[in-house]
Amino acid sequence: MAADVHNKAVPWETANGSLAPVERLRQDRCDSPTPGLVEGTEPGAGQDSHMFVHAQSFEDLTADGDDTRAEAAGSENTSRLGEPADEGAQGLPSEEEQVEEKESHPGSRAKEEDVTSEAWRRHRKHVFVLSEAGKPIYSRYGTEEALSSTMGVMMALVSFVEAEKNIIRSIHADGYKVVFLRKSPLVLVGVAQTLQSERDLSRELHYIYYQIISLLTLTQLNHIFQHKQNYDLRRLLAGSEHLTDNLLKLLDRDPGLLLSAVTCLPLSSSVRDVISSSLQAAKAKNLVFSILLAGSHLVTLVRKKDQYLHHMDLHLLFNLVGSSSSFREGEGWTPICLPKFNTAGFFHAHISYLEPGTDLCLILVSTDREDFFNLSDCKHRFLERLRRRTAYQALQEALKNPSYSVSQVGIPELRHFLYKSKSSGLYTSPEFPVPYQSEEEQERIMELYQYLHSRIHHPTRPLRFIYCCGESENLLAWVTSGFELYLCFSPLGTKALAVSAINKLLKWIRKEEDRLFILSPQTY
Amino acid sequence: MSGPRVDAKVVMLGKESVGKTSLVERYVHQRFLVGPYQNTIGAAFVAKSVQVRDKVVTLGIWDTAGSERYEAMSRIYYRGAKAAIVCYDLTDSSSFLRAKFWVKELQNCEEHCKIYLCGTKTDLIEADRSARQVDYHDVQDFADEIKAQYFETSSKTGRSVEDLFRKVAADYISTTFEVMSEERGVNLEQKKDPFFYSCCHN
Ligand SMILES: Nc1nc2c(ncn2[C@@H]2O[C@H](COP(=O)(O)OP(=O)(O)O)[C@@H](O)[C@H]2O)c(=O)[nH]1
Ligand SMILES: [Mg+2]
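Under an unreviewed UniProt entry, the name given to chain B is Ras-related protein Rab-24, and the organism recorded is Scleropages formosus. The UniProt entry for chain B carries the following comment under Sequence similarities (unreviewed entry): "Belongs to the small GTPase superfamily. Rab family."

Chain A has the name Vacuolar fusion protein MON1 homolog in an unreviewed UniProt entry, where Scleropages formosus is given as its organism. As stated in UniProt under Sequence similarities (unreviewed entry), the record for chain A gives "Belongs to the MON1/SAND family." Under the Function (unreviewed entry) heading, UniProt states for chain A: "Plays an important role in membrane trafficking through the secretory apparatus."

Before going further, it helps to examine the overall build of chain A. Broken down by element type, chain A carries 14 helices and 18 strands. Burial analysis of chain A (524 residues in total) assigns 58% to the buried set. A separation of at least 24 residues holds for 67% of the contacts in chain A among residues at least 6 apart in sequence. Carbon and sulfur atoms provide 50% of the accessible area of chain A, an area that totals close to 21200 Å².

Quick look at the coordination of the magnesium ion (ligand 2) now. Residue and element names in this part refer to chain B. The magnesium ion (ligand 2) binds to the protein through T21 (OG1) and T40 (OG1); the donor distances cover 2.0 Å. Of this pair, T21 sits in helix 1 (residues 20–29) while T40 sits in the loop between helix 1 and strand 2 (43–52); the two residues are 19 residues apart in sequence, bridging distant segments of the chain. For T21, a relative accessible area of 28% translates into the label partly exposed. Residue T40 is classed as buried on the basis of its relative accessible area, which comes to 7%.

This paragraph deals with the pattern of salt bridges. What the rule picks out here adds up to 31 salt bridges over all chains. Across the pair R31 of chain B and E25 of chain B runs a salt bridge whose closest N-O atoms are separated by 2.6 Å. Take R31 of chain B: its relative accessible area is 30%, and that puts it in the partly exposed class. Within the structure, one salt-bridge network assembled from shared partners comprises K125, R140, E204 and D252 of chain A.

Before going further, it helps to spend a moment on the site of ligand 1. Residues and elements named next belong to chain B. Close to ligand 1 lie 16 residues; S17, T21, S22, Y37 and D123 are nearest. One of the side-chain nitrogen or oxygen atoms of D123 is found 2.7 Å away from a nitrogen atom of ligand 1. Where the shell around ligand 1 is concerned, the elements lending two or more residues are helix 1 and helix 4 (122–127). A total of 3 residues in the shell around ligand 1 trace back to one element, the largest contributor, which is helix 1. In terms of residue class, the shell around ligand 1 is made up of 4 nonpolar, 6 polar and 6 charged.

UniProt records the feature "domain: FUZ/MON1/HPS1 third Longin" (unreviewed entry) at residues 413–513 of chain A, using the numbering of this structure. With 37% helix and 31% strand, residues 413–513 of chain A has its two end C-alpha atoms placed 22 Å apart.

What is expected of a backbone is that most residues other than glycine have negative phi and most peptide bonds are trans. In this structure, P185 of chain A follows S184 of chain A across a cis peptide bond, with omega equal to 5 degrees. Checked against the element boundaries, P185 of chain A lands in the loop between strand 5 (176–183) and strand 6 (186–192). Of note, D174 of chain A is a non-glycine position whose phi angle comes to about 55 degrees, a positive value. For D174 of chain A, the location among the structural elements is in the loop between strand 4 (170–173) and strand 5. Phi is positive for K121 of chain B, close to 65 degrees, though the residue is something other than glycine. With respect to the helices and strands, the residue K121 of chain B is situated in the loop between strand 5 (114–120) and helix 4. Its relative accessible area of 24% is what places K121 of chain B among the partly exposed residues.

A word on the interface of chain A and chain B. On the chain B side, the residues contacting the 34 residues of chain A number 26 residues. Summed over both sides, the interface of chain A with chain B buries roughly 2400 Å², with 52% coming from carbon and sulfur. At the boundary of chain A and chain B, one finds 2 salt bridges. For R79 of chain B, the salt bridge identified is with E370 of chain A, shortest N-O distance 2.8 Å. For the pair chain A and chain B, the interface holds 10 residue pairs in polar contact (both at pLDDT 80 or more).

A few words on helix 5 (residues 136–146) of chain B. All names here are of chain B. Residues V139, F142, A143 and I146 constitute the buried set of helix 5. Across the axial projection of helix 5, the buried residues extend over an arc of 100 degrees, all falling on one side. Summarising the geometry of helix 5, the exposed residues directed more than 90 degrees from the buried face are H137 and E145. Contacts from the buried residues of helix 5 go to strand 4 (83–89), helix 3 (93–109), strand 5 and strand 6 (149–152). The N-cap of helix 5, judged by a side-chain oxygen 2.9 Å from the amide nitrogen of H137 a few residues on, is D135.

Rules and cut-offs
The numbers attached to residues start from 1 for each chain and follow its sequence in the written order. Whichever chain is written first is A, and whichever ligand is written first is 1; the rest continue in order. The model is predicted, so local features are restricted to residues of pLDDT at least 70 and side-chain atom pairs to those at 80 or more, both for listing and for counting; the totals for chains, interfaces and linings are taken over all residues. The side-chain numbers reported here are obtained from all heavy atoms of the structure, hydrogens and water having been left aside. UniProt positions are given in the numbering used here, feature names are shortened, and annotations may be inferred rather than shown by experiment. Where helices and strands are cited, they refer to DSSP runs of H or I of at least four residues and of E of at least two residues respectively, numbered from the N terminus. The rule is simple: take the accessible area with a 1.4 Å probe, protein chains only, and divide by the maximum for that residue type; under 20% is buried, over 50% is exposed, in between is partly exposed. Note on contacts: a residue pair is in contact if any heavy atoms of the two residues lie within 4.5 Å. Areas reported here follow the Shrake-Rupley algorithm with a probe of radius 1.4 Å; residue values treat only the protein chains shown as occluding. Distances define the donors: N, O and S atoms within 2.8 Å of the metal qualify, as do those within 3.2 Å of Na, K or Ca. Water is excluded, so some sites may look unfinished. The salt bridge definition used is simple: a Lys or Arg side-chain nitrogen within 4 Å of an Asp or Glu carboxyl oxygen. Note on terminology: near, applied to a residue and a molecule or strand, indicates that one of the residue's heavy atoms is within 4 Å of it. Two N or O atoms form a polar contact when they lie within 3.5 Å of each other; inside protein one atom must be a possible hydrogen donor and the other a possible acceptor, and for residues adjacent in sequence the pair counts only when both atoms belong to side chains. Note that Gly is not counted as nonpolar here; it falls among the polar residues with everything else outside the nonpolar set of Ala, Val, Leu, Ile, Met, Phe, Trp, Tyr, Cys and Pro and the charged set of Asp, Glu, Lys and Arg. Here the buried area means the combined drop in accessible surface, using a 1.4 Å probe, for two parts upon being joined, counting both sides. Regarding the arc, it is the one traced by the directions from the helix axis to the C-beta atoms.

Next up, the structure:
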């Protein structure tokens, strides 16, 4: 695995204007009232070390793909919402631009969705996982049995193209994108009607792939299929379908998975430091990561020196904890592979809520499967230490408001935003305001953000700045080597207003960065 | 003080969805959770203290997932267990076959572990007798053969759940007590009873 070390020799950017602290050194970053644009000086950048494997973007997630990313071409774009992010089909001549859907056998289980129905077809995003023998492994909607012929056709397509020494990447037809991800011994297929690019869809398929690896390890997966090509993997994945279902939901809704970043519980840095050092003190020989979560917010993370967690592995842990209430009682102890760390072996995670009825969940990751009682002991030591401090009350207080309102920023037209500090891999975002409180509205706004993300990270024509006007809102995205920023404004605002808001927002984030980010991560 | 001191390790075994988690939930929290099935991930541990007559024991209960995925690793959950509650669903005959598998596994790897067979969801067969798929006498015969205790429980109504764990605790106390008195060798009452004495030596 490539160790993506923080690249200090980043090209100095001179984007529009006053914000760029020319010649500013990283050290005076914190004293600077003006946010830096450059990696390491942006608001939220860690002080001396990083918590995560440094992830630039998609390339890092896939690691093995050859990187043909055109470095930020510096282009700017103003457009209407909904323009396709990538034009033209890739991979297949036009006569094959159809997704075949075989009629499936009648008599599939009544409780399950009818895969021949219009409702089934209308789902925004389907995901299928199959083995190279064409055997169904997972389907987001409808049973795998009912879809086995569809999956057979998918595999036939993949093989047909491969016979000519080509690789099928995607099919674009009729408002649909069909994206293929070949990760031997698995094949993943996404069928989407969203505004996302092929590349972002492929990124999501990677998540699903790694979710499966996290349960089995790649070594075991390879072993199984080497011995029995048409093995029915669902036997081994039994009971984990809801993890994949939930992960797909997160991909639709959670900005963290879109941004490849994690968000923190807003907390004063002195309180966070006490919590971190209590956690740091509760160490054990084989402990590699100690992670304290509040819902989907990170409270703190302590890691073994020189061991980095990848945000994707952290998201998989979030998903594991978030999609199961079975950890609510007692203490969980489960093998888990963190695929971005190592696809070959299992870690063992001790998962427990700090106290009954709280949202604070502690994950202790060890290399030793016999470590349960040691880690259980760590947890108790941590909790006892913490209970004696006033910081614990402050933490309980903070849990009542795990997010903040956008009105705190003081920009009336601004409805919502996402801000990611690239060097720390952390992002911040206010709660969704009134017009976006329903699930549908949240998914809609997330889809717009995904669209901007797709445009910004376009493989051949990346953008640095984009401003879009829609019917219900105006959106702006701006990316520098230090951060990624997505803003959502009321539709009445103007572009000039939006641009002037950036500066104000960045200053606000700089002012609040102690609370919103983890600036000094700890190691054991 | 660190985590709870545990006297006896108890492991729940059996096919997925036979009701192991519900059994523990009923016993520890006196409740039955309805809602969509939530399979256990890996295993969950919970400790509970029980008083049997004048003695208190803390049972450390391991609720396992029962999935094939971690079968190779399941030994870590039952190693050193004093008792195994092997569950099957009275309305699902395949779950009884799976229970037999676990019994064999325990006999091979963990010979000192006492086995308790537990048929779950009796409320379902009380509501509809034809729902029963595992014959009472078949299990009774099997239990005799492997020298196991046999219970039929319902986590929904609470039937026999307390009895089951109480029996586990009581058996643990009595075997520990036997071993201890044997070691000390000064228990006068026991010495008077030649049958009991010899029995302890086998
Ligand atoms: N009617 C009834 N349902 C039960 C009983 N015990 C468990 N269940 C249901 O069976 C399913 C599986 O239970 P669970 O305890 O999670 O099984 P586990 O996988 O063995 O831990 C759940 O939907 C429970 O509600 C019971 O005693 N009666
Ligand atoms: Mg369970």
